[in-house]
Protein chains: 2
Amino acid sequence: MLDLIRPLVVSNNSKIVLLSLDGLGGLPRPETGKSELETARIPNLDRVASEGACGLLRHVAPGITPGSGPGHLGLFGYDPLRYLVGRGVLEALGIEFDLRAGDVAARGNFCTVDGAGLITDRRAGRIATELCAQLVERLRTIRLPGVELLVEPVKEHRFVLVLRGTNLGGRLSETDPQALGKAPLPVQALDDASQRTAELVNAFVDRARSILADSTPANMVLLRGFDRLPDLPPFPDVYGLRAAAIAAYPMYRGLAKVVGMDVVKTGSTFADEIQTLSQHWQSYDFFFVHYKDTDKAGEDGDFDAKVAALERFDSFVPKVEALEPDVIIVSGDHSTPSIMAAHGWQPVPVVIRSRYSGADPVRAFNERACAGGTLGTLPAHHLMPLVMANALRLTKFGA
Amino acid sequence: MLDLIRPLVVSNNSKIVLLSLDGLGGLPRPETGKSELETARIPNLDRVASEGACGLLRHVAPGITPGSGPGHLGLFGYDPLRYLVGRGVLEALGIEFDLRAGDVAARGNFCTVDGAGLITDRRAGRIATELCAQLVERLRTIRLPGVELLVEPVKEHRFVLVLRGTNLGGRLSETDPQALGKAPLPVQALDDASQRTAELVNAFVDRARSILADSTPANMVLLRGFDRLPDLPPFPDVYGLRAAAIAAYPMYRGLAKVVGMDVVKTGSTFADEIQTLSQHWQSYDFFFVHYKDTDKAGEDGDFDAKVAALERFDSFVPKVEALEPDVIIVSGDHSTPSIMAAHGWQPVPVVIRSRYSGADPVRAFNERACAGGTLGTLPAHHLMPLVMANALRLTKFGA
């Protein structure tokens, strides 16, 4: 798809705003038979749906529940089955670590081992975040030849390990045996290119074992989810767009940065984000604006809170419209139905409104109504070509 | 899709029932403008459709009419364009022949040849099934080095030939010239791996010619549809499900066996099948329950009989619901519109109902209504991932 798009891209002065509500999609509450979107009073979103073309986005494949990585890559136009973001990379992005091309990142846990080296607690009793930071300081003293080791505390027993250097491979097995009473496993390379990296990681783990020997309960480390940054064609290059990401949460800033968007500074509330949007209006063509509250309420299983979050979001829509974007898109990275209290596989409502988005019978912005829209149920990574077309930024294909 | 699913599978205690109505989909009768499903009184199916998520299943590709093999493989989650079931294999499954991995099966016809060896009747006047059995006894006397030859009567002039041995190839041309006045063709290998098998088959045909010389009109054989069992990843392994097939007809038992389901013994009526379902409820996670009457009526071009078959089926739905499955799916392997009196390419209504199947505007279970459902029109082999998701048996993809 990206290869198809790139040669067709033309430039103009249009402005595009992608409003992404994290965990937007939901499910009916059994008591009422209505979903969060169907329950909420969202007159502005309903109006945009009436004026635009609606549908449902499927981020990975039918029945597949997307993590935050695949959910966002899909929205940005990258096939999430082709471009994978590993757990280590996501953990690093979540603390806004400045991950660079070629870096290999892993999720780390402090754990407890007994005198024989066997694991007795995979999370070292969930040590305080402060202690984690102190122990990370110790790990930072480790030096290995030909590679830079970067260790960052995350929260409680969790930290991030990043290897930086040339010719590192990210295809490595995990050291966590996922069971008590076993010793941590040595890392094994899963391809030839990762052979030397495996040796480096094993040397790091050996040194960590010595350094932490006296720090029970956090006297050992476990490493998982090794990966490199995916090698993505940059979003601004593919689409010819000056692209800005506005997100209060670090992980989403990180994901936008992975695809090469400019991450602009913003505050911690959605009101701050909308103000930031307004301030940067002249400097960019494309704005990715992230709204977190819907996902948070859904993950908490709090149907009413998700309804309230949708209504709060709705009240900001006129402020975005006041900027007169040429194309406005409202959708999300995955569903988080309150009755599941977790991410879900259900496709996510989407509306595209532009002068050219077309006629559509949909009059309300919710799962059931959008199922009848002209966009149909489409792979999330097919959204960006539609967005570009609505911005008149794609020329025709073939003579 | 199977490679995507497998690492995401998790286990739980959920129960899944797939009710497959053979030839379910239909077309409007010109007199009324209503299809069989739209004509039938099916209050239970309509209720399930109201409560669940609906759509249409396309088993192979737009405009392609599925045979029973591809129709079922699609339902079971196997891309029918990738996993092919040859006619010989299907014929063997239809008589519940115990086909094993590596076997090569062919459909056989007894035919009539004249003194010059030219075909005068490709079906030997449709000899009686009893005579077929007697002649098959003669063919069973044929012995060839390094291969076991298994011959089974089917019906009238039809029989099955199975070659069992090591390193047999199933890519063979047919001996039937599909015309009168020509001699049967020698078998040719269509790949190197089938070279020796071609020689064995030609030796079998030569011996058959001698053995049958005095049995006019059935004095020669024609062989078609050579194939091996497809090499399918077993359904229980892929999905982590203890899977049972309940089908009164041998071919459908055979197709379920090909994918590695347990075929449980049942009687000859659908009431028997439902009783079998109840009896085995605790022993399995997934039940494939096959209903034949819809297809039979459709093939007969008997619109009213198909309506009646749908109504009979509908009356059994509450018995299935009484078992309280976590996920219930109703669909079919292909359409058999009564006005065509044959399989059709039209996509087949499907409903998935679970606690998490989601909001949907569909209130009736028929072709027209299901076209507006949230599932959209989806490839049949994308159904199983959705089913697994609804059973909460898939973890999320990507971090």
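Scroll up to find the structure this text is about.
From a predicted model like this one, the values you see are computed outputs, not experimental measurements.

Engineer: Describe in detail helix H6 (residues 129-139) of chain B, supporting the description with residues and values.
Structural biologist: Residues and elements named next belong to chain B. Among all positions of H6, only Cys-132, Leu-135, Val-136 and Leu-139 are buried. Projected down its long axis, H6 carries its buried residues within an arc of 110°, all on one side. Facing away from the buried side of H6 by over 90 degrees, the exposed positions are Glu-130 and Gln-134. Buried positions along H6 lie against strand S3 (104-113), strand S5 (148-155), strand S6 (158-164), helix H7 (195-211) and strand S7 (220-228).

Engineer: I'd love a proper account of the sheet that holds strand S8 (residues 243-246) of chain B, names of residues and values included.
Structural biologist: All names here are of chain B. Judged by pairing direction, the sheet is mixed, and its 8 strands sit side by side in the order S9-S8-S10-S1-S11-S12-S2-S13 without closing on themselves. Across the chains shown, the open sheet's two edge strands, defined by having one partner strand only, are strand S9 (262-263) and strand S13 (376-379). Relative to strand S11 (residues 327-331), strand S1 (residues 16-21) runs parallel, the two being bridged by 5 bridges. Looking across to S11, one finds that Ser-20 is bridged to Ser-331. Across the sheet, helix H10 (residues 270-279) is in contact with S1, S8 and strand S10 (286-291); its angle to S10 comes to roughly 175°.

Engineer: Talk me through the relation of the copies chain B and chain A; I want residue IDs and the actual numbers.
Structural biologist: Between chain B and chain A, the superposition needs a rotation of 122° and an axial shift of 0.0 Å, giving an RMSD of 0.2 Å. Overall, the copies show the geometry of a three-fold rotation axis. When C-alpha positions in chain B are compared against the rotation axis, the closest is assigned to Gly-372 of chain B, at 3.5 Å.

Engineer: Let's hear about the layout of surface pockets: which residues, and what values?
Structural biologist: Its volume calculated, the largest pocket comes out at about 820 Å³. Surrounding the largest pocket, 36 residues form its lining, Leu-84, Val-85, Gly-86, Arg-87 and Asp-227 of chain A being those nearest its centre. When contributions to the lining of the largest pocket are tallied by element, the ones reaching two or more residues are helix H4 (68-75) and strand S7 (220-228) of chain A together with helix H1 (2-5) of chain B. In terms of residue count, the dominant contributor to the lining of the largest pocket is S7 of chain A (5 residues). Split by residue class, the lining of the largest pocket holds 15 nonpolar, 9 polar and 12 charged. By volume, the second largest pocket is sized at about 640 Å³. At the level of elements, helix H4 (68-75), helix H5 (87-94), helix H9 (250-258) and helix H11 (293-299) of chain B are the ones that each hand at least two residues to the lining of the second largest pocket. Counted by class, the lining of the second largest pocket contains 7 nonpolar, 6 polar and 9 charged residues.

Conventions we followed
- Every chain begins its residue count from 1, and numbering advances along the sequence as written.
- Lettering of chains starts at A and numbering of ligands starts at 1, both following the order in which they are written.
- It should be noted that, the model being predicted, local features are given only for residues of pLDDT at least 70 and side-chain atom pairs only at 80 or more, the latter also being counted only at that level, while totals for whole chains, interfaces and linings use all residues.
- The side-chain figures draw on all heavy atoms in the structure; neither hydrogens nor water molecules are used.
- A 1.4 Å probe rolled over the protein chains alone gives each residue an accessible area, and that area as a share of the maximum for its type sets the label: buried under 20%, exposed over 50%, partly exposed in between.
- A run of H or I in DSSP counts as a helix once it spans at least four residues, and a run of E counts as a strand once it spans at least two, with each numbered from the N terminus.
- Think of the arc as the fan of directions from the helix axis to the C-beta atoms.
- In what follows, residue pairs with any heavy atoms lying within 4.5 Å of each other are defined as contacts.
- Pairing between strands is defined by DSSP: at least two bridges between the two strands are required.
- In this description, a line fitted to the C-alpha atoms serves as the axis of each element, helices being fitted only across the stretch in contact, and the angle between N-to-C directions of two axes falls anywhere from 0 to 180 degrees.
- For the least-squares superposition of copies, only C-alpha atoms count, and only for residues with pLDDT at least 70 in both.
- Both cavities and pockets are sets of points on a 1 Å grid over the protein atoms alone; in a cavity a 1.4 Å probe fits but cannot get out, in a pocket the set is open with protein on both sides within 12 Å along at least five of seven lines, and lining residues sit with an atom within 4 Å of a point.
- Grid points are joined across faces, edges and corners, and a volume is the space filled by probe spheres set on the points.
- Just so you know the grouping, Ala, Val, Leu, Ile, Met, Phe, Trp, Tyr, Cys and Pro go in nonpolar, Asp, Glu, Lys and Arg go in charged, and all remaining residues, Gly too, go in polar.

Shape descriptors only; they carry no functional weight alone.
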